[in-house]
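Summary of structural features
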Amino acid sequence: MKILIIEDEHMLAESMVQYLGREGYQCEWTDNLAEAKEKSWDYEYDCLVVDINLPDGSGLDVIKQIKEMRSKSGIIIVSARNAIDDRIYGLDIGADDYLTKPFDLAELNARIKAIIRRRNFDAQNTITFNEIEVFPYEMSVKVHNKILKLTKKEYDLMLYFISNPNRVIPKGSIAEHLWGDEMGIADSYDFIYSHLKNLRKKILEHGGNDYIQTVYSVGYKFSDQ
C-alpha cells in the first residue's frame, strides 16, 4: 500500500512516515504544494494524507487535481482546529475523511485502512482468487489454506496482481508499484523477474496454479483464462 504524506510540519511528518512504515505501508513525503502535485500526477497512491496549509499554497489544490485525474486514491485531510471551512470544502470537492491536529497515529492508520478497504476491495477483508486468499490488513497470503512465507516485495506483487485480475499490467506499472519514485535509479527490470520467479515458485510449491502469464513485450497478466 502506497501512501503520500503532504505535510510541512517535519516532526509530525517524520512520525507518520515511521509509524505507517512499521504498519507495512510504503510511504513518501513532501512538504510543499509543487512537489505534491508533481508526485500525485506522476505516481499512483492508495491514499494521500493532505495538510491544507502549505508554505507555497493550499493542499486543496492537490485534491482538485486528484479528482480531475479520476484517480482511485483515497484522501484524508489533516488540518488545524480552526480550519473548519477548508475541511468542509475539501470534503465537498472529494476528500474521503479528515482529522484535526493533534491526532493519534493509530487513528490515522485506522482511517487509512477503512478508506483503502472501501475503495479498492469493496470493504472486503479478504481477496480470493480460486485457491489463493490475500488478507490485506494482515499482510498474509494463503494457498489451499496454507500460509505462504513471502518477502515484502513478493507480498506487494501478489496483492497487486490479485487486485487486478485479467488485466494486462505493463512492466513499468509493476516497477512503480513496488518501488515508487525510487524506480528512477534502476536501469533494468531484472528485479521484477526475480520477484515474479520467487512468487510463482512459492505458489506452485503449495499446490497452487500458475496464474502469472507473460504478455510479451508488454508485461504480465494474472488470469485463469
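The rules behind the values
Residues numbered from 1 in each chain as written. Predicted model: local features only at pLDDT ≥ 70, side-chain atom pairs only at ≥ 80, totals over all residues. Heavy atoms only, no water. Pairing = 2+ DSSP bridges. Helix = DSSP H or I, 4+ residues; strand = E, 2+ residues; numbered from the N terminus. Axes fitted to C-alpha atoms, helices over the stretch in contact; angles between N-to-C directions. Contact = heavy atoms within 4.5 Å. Phe/Tyr/Trp six-rings, centres within 6.5 Å; stacked < 30°, edge-to-face > 60°. Buried < 20%, exposed > 50% of the residue type's maximum accessible area, 1.4 Å probe, protein only.

1. A word on the sheet that holds strand S2 (residues 26-30)
If you trace the five strands from one edge of the open sheet to the other, you get S2-S1-S3-S6-S7, paired in parallel fashion. The open sheet has two edge strands, S2 and strand S7 (97-100), and neither has a second partner. Averaged over all neighbouring strand pairs, the angle between strand axes comes to 20°, with direction disregarded. The pairing of strand S1 (residues 2-6) with strand S3 (residues 47-51) spans four bridges and is parallel. Among the inter-strand pairings, Ile5 is bridged to a residue of S3, identified as Val49. On top of the sheet, helix H1 (residues 10-22) reaches S1, S2 and S3; it is set at about 170° to S2, its chief contact. With respect to the sheet, helix H2 (residues 33-42) is in contact with S1, S2 and S3, its orientation differing from that of S2 by roughly 145°.

2. Observations concerning the packing of aromatic side chains
Here the structure, examined in full by the defined rule, presents four aromatic pairs. Ring centres 5.8 Å apart and planes at 20° place the aromatic pair Phe161 and Phe222 in the stacked group. On the criterion of sequence distance, the pair formed by Phe161 in helix H6 (residues 152-163) and Phe222 in strand S14 (residues 219-222) is long-range, its members being 61 residues apart. Phe161 gets classed as buried once you look at its relative accessible area, which sits at 0%.

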